[in-house]
Amino acid sequence: MTIWNLGSINADHVYSVPHIPTPGETLAATALSRGLGGKGANMSVAAARAGARVAHLGAVGADGGWMVERLRDHGVDCTHVQRRDGPSGHAIIAVDAQAENAITLWPGANRDIDLDAVKQALDRAVSGDLLVTQNETNSQVEAAALARARGLTVAYAAAPFEAGAVRAVLPHLDLLVLNEVEARQLSEALGTSVEDLPVPHVVVTLGAQGCDWIDTASGTRHHVDAPRVAAVDTTGAGDTFTGYLLAGLSEGLQMPEALTLASRAGALKVGRHARPMRFPRERRSSGRPSEVARGTNMQDFV
Ligand code: ATP
């Protein structure tokens, strides 16, 4: 079973600054780190690290070759990652000593994905495969509708949250994943509780409190506790959680087991500082085994 991920691929440029710049101010940063980011890429990496087969559908600009290589290093199939003429999606992130941040995001190639190429890629999908998408690319609704028609399970992570984007994709979904703030925003926008959404499975993540799974057909809500950890960096917990959840489902786990796996992965993620990502010039190409072979996989968690 393959996870097809129509998702963003971003270059994150993280600048350490004495304080967040005020309007009109020019400020010298004290450190710079650059790495692979974007909700889509994060989920692909997480699912691949969990041992799932992942094919990424997305796009990078002329400057994005190193990001594709980085995804490949993690075992993600990048055959269907498109190359565009303009810049890749990227984020300029200023972080001060109190961990306050200010982010400027340029979607770039992530919003310039060729739908025909996505359709051609999904022609290779088989019934039982899984499509996931988030709200950082174009063509989410078209891809979800096409995948559903081909018998794929369709999942959507409702971030960055936009009520209109969720409303448009809802009719095509089997699984909706959102955090509790997004769940509240969606309920307010649609005037309905998440229990009444027209989606078979809804997962609401609750940070350190774990998550709730709502099986809307039976109208039941199940809670899964998160392991207790000392949180040092919560960035990307949601993407890691969703990647592992989908990997678990694609490997045949039932929802409760897949949620337990995802919760453990999310807790591990927040309990560690993000590993510094290497930029291309520093990247080694020694042909060593990939992260998938060496890294945490499903067996470590289940
Ligand atoms: P982010 O936007 O920071 O990536 P999110 O808001 O989408 O995160 P969260 O609900 O914060 O998602 O976290 C996702 C999952 O990760 C939680 O359901 C939980 O299983 C795990 N998790 C997050 N924070 C903690 C924590 N402090 N301790 C243990 N587990 C956590």
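What counts, and at which threshold
- Numbering of residues begins from 1 in every chain and follows the order in which that chain's sequence is written.
- Given that this is a predicted model, residues contribute local features only at a pLDDT of at least 70 and side-chain atom pairs are listed and counted only at 80 or more, while totals for whole chains, interfaces and linings are drawn from all residues.
- As a convention, hydrogens and water are excluded, and side-chain values are obtained from all of the structure's heavy atoms.
- Between buried and exposed lies partly exposed: a residue is buried under 20% and exposed over 50% of the maximum accessible area for its type, with that area taken using a 1.4 Å probe on protein chains only.
- Strands here mean DSSP runs of E at least two residues long; helices mean DSSP runs of H or I at least four residues long; both are numbered from the N terminus.
- Here the arc refers to the set of directions running from the helix axis out to each C-beta atom.
- Only heavy atoms enter the contact rule, under which two residues are in contact if any of them lie within 4.5 Å.
- Strands qualify as paired when DSSP identifies two bridges or more between them.
- We call a residue near a molecule or strand whenever a single non-hydrogen atom of that residue lies within 4 Å of it.
- Polar contact is defined as a pair of N or O atoms within 3.5 Å, subject to the rule that within protein one atom must be able to donate a hydrogen and the other to accept it, and that residues adjacent in sequence are counted only when both atoms are side-chain atoms.
- Accessible surface is estimated by sampling points in the Shrake-Rupley manner with a 1.4 Å probe; for residues, cover comes only from the protein chains shown.
- With a 1 Å grid laid over protein atoms only, a set of points is called a cavity when a 1.4 Å probe fits there but cannot get out and a pocket when it is open yet has protein on both sides within 12 Å along at least five of seven lines; lining residues have an atom within 4 Å of a point.
- Put plainly, a molecule is in a cavity or pocket when over half of its atoms are within 2 Å of the grid points there.
- Any residue that is not Ala, Val, Leu, Ile, Met, Phe, Trp, Tyr, Cys, Pro, Asp, Glu, Lys or Arg is counted as polar, Gly included; the first ten are nonpolar and the last four charged.

1. Overview of helix α3 (residues 115–122)
Within α3 the residues assigned to the buried category are Val-118, Ala-121 and Leu-122. Axial view of α3: buried residues confined to an arc of 95°, hence all on one face. Tucked into the core, α3 has its buried residues touching β1 (2–6), β4 (53–60), β5 (81–83), β8 (130–134) and α4 (140–149).

2. Side note on the pairing of β1
When you tally the buried positions in β1, you get five out of five residues, the bulk of the element. Here β1 shows two buried faces, one formed by Thr-2, Trp-4 and Leu-6 and the other by Ile-3 and Asn-5. Bridge count between β1 and β4: five bridges; the pairing is parallel. Along β4, the bridge assignment pairs Leu-6 with Leu-57. Bridge analysis of β1 against β8 gives four bridges, and the strand direction is parallel. For Leu-6, the partnering residue across the bridge sits in β8 and is Thr-133.

3. Concerning the site of the ligand
Not every one of the 19 residues close to the ligand is listed here, only the nearest: Asn-179, Thr-205, Gly-207, Gly-210 and Gly-238. Between the ligand and Asn-179 there is a distance of 2.9 Å, counted from an oxygen atom to a side-chain nitrogen or oxygen. Note that an oxygen atom of the ligand is positioned 2.9 Å from one of the backbone N or O atoms of Gly-238. In isolation the ligand has 630 Å² of accessible area, and contact with the protein removes 81% of it. One can see that the ligand is located within the second largest pocket. Broken down by secondary-structure element, the contributors of at least two residues to the shell around the ligand are α7 (237–250) and α8 (255–270). Of the residues forming the shell around the ligand, the biggest block, four residues, is contributed by α8. Here the residues of the shell around the ligand sort into ten nonpolar, nine polar and no charged.

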